[in-house]
Amino acid sequence: QELARFAIAAQLTLLPALIGARYILASALPRLARLVDDPVAFSREESSLLLRSSVAAAGGVLLFGVLGNHIVSLLYGSVYAMTPEIFWALAFASGVRLIRAVPGTSLLAFERTHWLFISNLPRILTVLLAFAIARMGGDLLTITLVAAAGEVASLAITVVAAAAARASSLAPHLRRVAGGT
């Protein structure tokens, strides 16, 4: 029954983040792709998108952290309520995942897809670590925190890679300015 409670909590917190990430990808990628040759406009659009997704992510973390068990109880019954710490950790990981969609979409606009693969490696490694912890009898909170750490590491790689992509796109513009053309 603990696994059923965990699955419901994970699904409840993750589904909005997945939908939001797909929305960001579908709606922002065409705009960002058109702006890759205009670093100022690209940066402005990306920053705006990052702010909106961060506000949405923070709202989701608060919503599910505070009201997650109430929502679960309403939908499935109180028998499926999860410990609040796990709900907070799941909500945090999902919020990070939503925020990661913005620099990930920027990488797609710059056609730097290999960095998206690389940024998923910490997530894969933490899944393996989570399985090892579970096999050794670790508790769900520890497993959830390990997964959240994987999301944070993935976000960090994606942010750094997107910043490098933006910087490399600026190089031709800076050379033209320095050359006086």
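Residues numbered from 1 in each chain as written. Predicted model: local features only at pLDDT ≥ 70, side-chain atom pairs only at ≥ 80, totals over all residues. Heavy atoms only, no water.

Topic: the overall build of the protein
- If you tally the helices and strands in the protein, you get 5 helices and 0 strands.
- Overall, the protein shows an N-to-C arrangement of helices and strands of α-α-α-α-α.
- Summarising its shape, the C-alpha atoms of the protein cover approximately 70 × 35 × 20 Å along the three principal directions.
- Across the 181 residues that make up the protein, the buried fraction comes to 39%.
- In the form shown here, the protein has an accessible surface area of approximately 10,000 Å², with 70% of it arising from carbon and sulfur atoms. (Helix = DSSP H or I, 4+ residues; strand = E, 2+ residues; numbered from the N terminus. Buried < 20%, exposed > 50% of the residue type's maximum accessible area, 1.4 Å probe, protein only. Areas by Shrake-Rupley, 256 points an atom, 1.4 Å probe, with all protein chains shown as cover.)

Side note on the packing of helix H1 (residues 2–35) against helix H2 (residues 39–76)
- Interhelical geometry of H1 versus H2 gives an angle of 165° and a closest axis separation of 9 Å. What the angle tells us is that H1 and H2 run roughly antiparallel. In this structure, H1 crosses over H2, and the sense of that crossing is right-handed.
- In terms of residue class, the contact of H1 with H2 is made up of 15 nonpolar, 4 polar and 4 charged. (Axes fitted to C-alpha atoms, helices over the stretch in contact; angles between N-to-C directions. Parallel < 35°, antiparallel > 145°, perpendicular 65-115°, else oblique. Left-handed = near helix turned anticlockwise from the far one by under 90°. Nonpolar A, V, L, I, M, F, W, Y, C, P; charged D, E, K, R; others polar.)

Points about the packing of aromatic side chains
- Following the criterion strictly, the structure yields 2 aromatic pairs and no others.
- Considering the side-chain rings of Phe42 and Phe110, the 4.7 Å spacing of their centres and the 50° angle between planes classify their relative orientation as tilted. Here the residue Phe42 occupies a position in helix H2, and Phe110 occupies one in the loop between helix H3 (84–109) and helix H4 (113–135), the gap between them amounting to 68 residues.
- Each ring, one from Tyr76 and one from Tyr80, has its centre 6.5 Å from the other, and the planes form 75°; the classification is edge-to-face. (Phe/Tyr/Trp six-rings, centres within 6.5 Å; stacked < 30°, edge-to-face > 60°.)

Structural notes on the pattern of salt bridges
- As enumerated under the stated definition, the model contains 4 salt bridges in all.
- For the salt bridge of Glu151 with Arg97, the shortest nitrogen-to-oxygen distance reads 4.0 Å. With Glu151 in helix H5 (residues 140–179) and Arg97 in helix H3, the pair connects residues that are 54 residues apart, well separated along the chain.
- Across the salt bridge formed by Arg123 and Glu151, the nearest N and O atoms sit 3.1 Å from each other. (Salt bridge = Lys/Arg side-chain N within 4 Å of Asp/Glu carboxyl O.)

Regarding H1
- Helix length check: H1, at 34 residues, gives a terminal C-alpha distance of 48 Å against a target of 50 Å (1.5 Å per residue), a fit within 8%.
- Most pronounced at Ala28, the bend in H1 amounts to some 45°, and the proline Pro30 follows within four residues. (Expected span 1.5 Å × (residues − 1). Bend = angle between axes of the 7 residues up to and from the residue.)

Examining the confidence of the model for the protein
- Counting all residues, the mean pLDDT for the protein is 92, and 93% of those residues have values of 70 or more.
- The least confident element of the protein is H5, whose mean pLDDT is 85; the most confident is H3, at 96. (pLDDT = per-residue confidence, 0-100.)

Overview of the nonpolar core
- Ile24, Leu32, Phe42, Leu49 and Leu107 are the most contacted members of the largest nonpolar core, which has 22 residues in total.
- Elements with a minimum of two residues in this core: H1, H2, H3 and H5.
- Ranked by the residues each element gives to this core, the list is headed by H3, at 7 residues.
- Discounting chain neighbours no more than four positions away, the residues touching Phe42 are Leu32, Leu35, Val36, Ser106, Ala109, Phe110 and Arg166. (Core = buried A, V, L, I, M, F, W, Y, C linked by side-chain atoms within 4.5 Å. Contact = heavy atoms within 4.5 Å.)

Digging into the packing of H2 against H3
- Contact geometry for H2 and H3: axes closest at 8 Å, N-to-C directions at 160°. With respect to H3, the axis of H2 lies roughly antiparallel. Along this stretch, H2 crosses H3, giving a crossing that reads as right-handed.
- Across the contact of H2 with H3, the residue classes tally to 20 nonpolar, 8 polar and 1 charged.

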